[in-house]
Number of protein chains: 2
Amino acid sequence: MEKRTLKRLIDVAAGRIPADLCLKNCKVVDVYNRQVFSGDIYIAGGFIAGFGDDTFVDALATYDVKGKYIAPGFIDSHVHIESSHLSPAEFSRKVVPHGVTTVIADPHEICNVCGLDGFDYMLNASENIALQVFLQLPSCVPATPFENAGAILGAKEIGERIANERVLGLGELMNFVGTSNGDNDILDKIMVARKINKIIDGHCPGLTGPLLDAYGASGVANDHECTTAEELRDKLRRGIYVLVRQGTGCQDVLNLVPGIDEKNYRFCLFCTDDRQAWSLEKEGSIDNNYRLAVSAGMDPLMAICMSTINAAECFGLRDRGAVAPGKRADLIMFDDLNNLKVESTWIGGRLVAKEGAYLAKDKKVKPVAVEGKMNVNNFSEERLRLHLKSERVRTIRMHPIAAVTMAGEAHVKRDADSCWVRDNQDIVKIAVVERHKGTGNVGVGLLENYGLKGGALAMSIAHDSHNIITVGDNDRDMVVAVNKLVEIGGGITIVKDGKVLDYMEHEIAGLMTDKPGEYVAERLYELVTLARTKLNIHKDINPFMPLCFIALPVIPELKITDMGLFDVNQFCHVDICL
Amino acid sequence: MEKRTLKRLIDVAAGRIPADLCLKNCKVVDVYNRQVFSGDIYIAGGFIAGFGDDTFVDALATYDVKGKYIAPGFIDSHVHIESSHLSPAEFSRKVVPHGVTTVIADPHEICNVCGLDGFDYMLNASENIALQVFLQLPSCVPATPFENAGAILGAKEIGERIANERVLGLGELMNFVGTSNGDNDILDKIMVARKINKIIDGHCPGLTGPLLDAYGASGVANDHECTTAEELRDKLRRGIYVLVRQGTGCQDVLNLVPGIDEKNYRFCLFCTDDRQAWSLEKEGSIDNNYRLAVSAGMDPLMAICMSTINAAECFGLRDRGAVAPGKRADLIMFDDLNNLKVESTWIGGRLVAKEGAYLAKDKKVKPVAVEGKMNVNNFSEERLRLHLKSERVRTIRMHPIAAVTMAGEAHVKRDADSCWVRDNQDIVKIAVVERHKGTGNVGVGLLENYGLKGGALAMSIAHDSHNIITVGDNDRDMVVAVNKLVEIGGGITIVKDGKVLDYMEHEIAGLMTDKPGEYVAERLYELVTLARTKLNIHKDINPFMPLCFIALPVIPELKITDMGLFDVNQFCHVDICL
């Protein structure tokens, strides 16, 4: 803040000059005493000046809140914007009306595709939007050595951006095995953040005991991979803040609320991690976490703290997270603490959303250096042929949780060349086609219990390397699907009988689009319906969600990368034949 | 932390290599879940690695805690080391056995005398001692324009030290009137801290309403001048952390505990502010705040949090304040949560105090550029003569609270030259003799209800400018007292019938001595006894404490500086005659 702005703010707070805006007749949520009080809020230069008194002259503008609640804007403490499929500007349009005013984003998806160009795109594209976006430097690009991503972010690359004022620190250390092991290159990255006293995010599902101690000892400040109340308390014991997550796939709030009490809630924050456009449309963002927690019995003002001041404290964001003098005027208005529906959102003292409508005039940024990253080489039906030494094979078996698969076994048929052919089992072919460096890699496997019949689909969203995933019951359709995907620069394609049935472009790195969120949600819904009706994918499965994670070799049990089948428990590639 | 140290810490935490030290059979105080659990603590390189398990090999050293409690070391969130009369090394010797492992000190006393030389002395003298000392850049040197201090610390001088890694920010903004007014030079200082995102300490007794909002809007993070529960909650509402103080003079804990509850305690921390050597000897430090709070009904683990993690959070000290992996091994051992007596203290994994004995081998620093600051010019009995235009005069009237005086009135006698002469009223002369710049200033006034008869005393501790204060019932003894004080380089002198009865040297800036704390406490006790027995000062008064504050023009009601009598309520100098 400039000195001049500060002087003005002090003068307004003291009542010497009029405020820019006064919110009158508020029920102000005080996160410090954790109570509500009736009062007015005076705002100047985008910051809260104070609560005024009877002697104050009228502000330049006055808004009668009519006794509704005013709370600090919500903070999403960990999110991958790319998982919404939306550009930062469109993401802002979707979450701000739900009361989210600040996010701490980890852009490892786009960095996996485009490296620092991807990071810079996210920085630039979030510079002049209403939503306040902080970015962590991704620590796991690539996620593992068992796949080809589009870039490598080493300690050197991280060092080139770590000092940026909108960078809070190092992104989630997903390689928790390597971190607890004190691996050298991970330590180098950690030291880059520690040297300038920035935050280190964590990711350590199920870690306990000495390995959890080791993980905490590295300096990790928080974790969002808690699924049980016991795990929450165990991690808090290590001084690791717990980010209580409600994503599209990963839904932890109801499991964790029982472990949160008056004594430890201050170290618990809400996050969304990954929420697709339709989840944002239908259910919301941090407000959704809030409502779920309160419905499970959490005190509403405790839930407010978890959505605001707790995150500000964890990340050292001293200028927000509370309705208090000197803080940013990032505020939300609502009338029911128990079933909280955000009616209005202010960011920096500007009304940016009202009754679901987004009012901000954001500056959109054309994606530069992050478009059309489809560098596929030497791909054809020939590359999909699956030569088998035996008939007993590993299958990737679908699991109710989208990010997880089981390692299955099957006896399959082979043709005269010992290549796999379809029979009447619910088994289809899956392939990961490398698309960043043009290596020509194609990893081929078999997917069981997916249901697909009579076609193929392809997509370029496949955590974390985001190579092309294609699934089909015949090689020809798979090739058509992949070729169309390359042609459109990435997204989703659906093919039947050699023809493209439908597709959606994700022109930003093959991961996101700049189209409006409601359009994306609608189109995704249409594609899901098409995949179920025309390709016969089982109706109790989201056709695309599991495929998003099927190339993610850090979540069990059997996965596939461009380098082949991967056994997560053994943490190495394996042959398809048993 | 070096990468090598971090690697080792991670290896120890995971159990791959032996720890330096294991504290076995602890009742570990977990400040995150606010509970106690039984376990062991493994320490390496001065940091906590973790809690181990049955597979761990023996550490290089093991200490059996035998079921006693291990908690994080205490943090004093606001203290003036100079008020103890002790050098930093001696101060460390006194407070560390009481469990204090970190202090955030504001050296405005010595800076008022010696400017940045004083600051540098405090930095150097606290570099190689067990106690971890952070220093704030004093914001109020001089405290007001109504006195001559030894230096001026403007925004420029503050800027020259603000980036030091042991500087957390800007010291208490005592000029709360000027701050709420947005005064330009105060804003300049504030901007120095804000530019590098450092903390700004506050001091705003009794401030409420819009002026408190204005004060908070400036960016002040905390305040230690709360005396009522209502005031505590009112300041918390503004996002101003409340530092709950128990000093020698200012004792707020019992008044404030009723305002602290489960909802707001996280923003409350303990501090001592000013504690003299004998207070440290007799009662302790932050452990004293703790015991008082618990005796008043506070939950012990809540009080632990106020002594540890809350301060770490307020000041962004992420490496301490908890017993958790990666934190400094600053620990205390005790066996009773309700009547907490610290038995052992570790700092950086080293045992530095045991059963009251200080075990650390500190490197003492010879005071350089801060010695013998007694630049008195043109002082004599003539300068003490008090010419009165009338017989009706203002008197500075003693008050039960040492820092406070009342504005009194009296009819006094004058001699043939219209100068004041003693009569049988309990009124004596008081003078402030400027000693930094040799201005020759002498401010003369009358002190009522002090009791002194038959002598004089002088001291060079007089908040905040620390000019010489002398009180006496005859000018000759006052001059002898002052001259002796100048001769010894500062401290305290007591004079009767023209002879020096006793004195104590404060060779460091006239404020502190490098002698051991117990010696200082004993000598101060002897001087207090002497002042009461030989000079007849009222026994219910501490002879020196009120004089420490009588030149402090920011605490009501009628004070005196080297420039004359000062009315605090009107905030200006006034004539002695009414």
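Residues numbered from 1 in each chain as written. Chains lettered and ligands numbered in written order. Predicted model: local features only at pLDDT ≥ 70, side-chain atom pairs only at ≥ 80, totals over all residues. Heavy atoms only, no water.

## Considerations on the packing of helix H1 (residues 3-14) of chain A against helix H7 (residues 209-217) of chain B
Keep this limit in mind: Convention adopted: a line fitted to C-alpha atoms gives each axis, helices being fitted over their contacting stretch, and angles between N-to-C directions are expressed from 0 to 180 degrees. By the criteria applied, helices consist of DSSP H or I runs no shorter than four residues and strands consist of E runs no shorter than two, each listed in order from the N terminus. Oblique is the label for every angle not falling under 35 degrees (roughly parallel), over 145 degrees (roughly antiparallel), or within 65 to 115 degrees (roughly perpendicular). Crossing handedness follows the turn of the near helix against the far one: under a right angle anticlockwise gives a left-handed crossing, and clockwise gives a right-handed one. A contact between two residues is defined here by any heavy atoms of the two lying within 4.5 Å. Classes in brief: Ala, Val, Leu, Ile, Met, Phe, Trp, Tyr, Cys and Pro nonpolar; Asp, Glu, Lys and Arg charged; the others, Gly included, polar.
Between H1 of chain A and H7 of chain B, the least distance of the axes is 7 Å, while the angle of their chain directions is 165°. Put simply, H1 of chain A runs roughly antiparallel to H7 of chain B. Taken as a pair, H1 of chain A and H7 of chain B cross one another with a handedness that is right-handed. On the side of H1 of chain A, the interface is formed by Leu6, Leu9, Ile10, Ala13 and Ala14 of chain A, while H7 of chain B contributes Pro210, Leu211, Asp213, Ala214 and Ala217 of chain B. Residues of the contact of H1 of chain A with H7 of chain B, tallied by class, amount to 9 nonpolar, no polar and 1 charged.

## Considering the sheet that holds strand S24 (residues 456-459) of chain A
Residue and element names in this part refer to chain A. Applied cut-off: Strand pairing is assigned whenever DSSP identifies at least 2 bridges connecting the two strands.
In spatial order, the strands read S19-S18-S23-S22-S25-S24-S26-S27; together these 8 strands make up an open sheet with mixed pairing. Whereas interior strands pair on both sides, the edge strands pair on one side only; in this sheet they are strand S19 (405-411) and strand S27 (499-505). In this sheet, adjacent strand axes meet at a mean angle of 25° when their direction is disregarded. When strand S18 (residues 392-398) meets S19, the two strands line up antiparallel, connected through 7 bridges. When the bridges of S19 are listed, Arg397 appears paired with Met406. Against the sheet, helix H16 (residues 475-488) engages strand S22 (427-433), S24, strand S25 (468-472), strand S26 (491-496) and S27, with an angle of about 145° to S26. Relative to S27, helix H17 (residues 517-533) is tilted by about 155°, and along the sheet it contacts S24, S26 and S27.

## Here's the deal with the sheet that holds strand S13 (residues 268-271) of chain A
All names here are of chain A. Taken together, the 8 strands give an open sheet; going across it, the order is S6-S7-S8-S9-S10-S11-S12-S13, and neighbouring strands pair in parallel fashion. The open sheet has two free edges, formed respectively by strand S6 (74-79) and S13, since each of these has just one partner strand. One ladder, built from 4 bridges, connects strand S12 (residues 241-245) with S13; its direction is parallel. For Leu243, the partnering residue across the bridge sits in S13 and is Leu269. Contacts between helix H7 (residues 184-195) and the sheet are confined to strand S9 (167-173) and strand S10 (199-202), with S9 contributing the most and set at about 155° to the helix. Packing against the sheet, helix H12 (residues 286-295) makes contact with S6, strand S7 (100-105), S12 and S13, and its axis sits at approximately 125° to S13.

## Side note on the nonpolar core
What counts is decided by this rule: In these notes, a set of buried Ala, Val, Leu, Ile, Met, Phe, Trp, Tyr and Cys residues joined through side-chain atoms within 4.5 Å is what counts as a nonpolar core. In this scheme, a residue with accessible area under 20% of its type's maximum is buried, one over 50% is exposed, and one in between is partly exposed, where area comes from a 1.4 Å probe on protein chains only.
Residues Ile304 and Tyr450 of chain A together with Ile304 and Tyr450 of chain B are the most contacted members of the largest nonpolar core, which totals 399 residues. For this core, the element with the highest residue contribution is helix H3 (residues 108-125) of chain B, accounting for 10 residues. Here Ile304 of chain A is in contact with Val29, Val31, Ala71, Pro72, Phe74, Tyr290, Phe334, Leu337 and Leu340 of chain A, once residues within four sequence places are set aside. Leu21, Ile48, Phe51 and Val65 of chain B belong to the second-largest nonpolar core, a separate cluster that totals 17 residues.

## Quick look at the pattern of salt bridges
All names here are of chain A. Heads up, the rule is: Every case where a carboxyl oxygen of Asp or Glu lies within 4 Å of a side-chain nitrogen of Lys or Arg is listed as a salt bridge.
Following the criterion strictly, the structure yields 83 salt bridges over all chains and no others. Across the salt bridge formed by Lys429 and Asp475, the nearest N and O atoms sit 2.9 Å from each other. Taken together, the residues span a long stretch of sequence, with Lys429 in strand S22 and Asp475 in helix H16 at a distance of 46 residues. What you see here is one network of salt bridges that share partners, running through Glu90, Arg93, Lys94, Glu281, Lys364, Asp514 and Glu518.

## Considering the relation of the copies chain B and chain A
Put simply, the rule reads: When the copies are overlaid, the least-squares fit takes in C-alpha atoms only where the residue has pLDDT of at least 70 in both copies.
Between chain B and chain A, which share one sequence, the superposing operator has a rotation angle of 180° and an axial displacement of 0.0 Å; the RMSD is 0.1 Å. In the structure described here, the two chain copies are related by an operation that fits a two-fold rotation axis. Most of the interface of chain B is mirrored in chain A, where 100% of its interface residues again form contacts.

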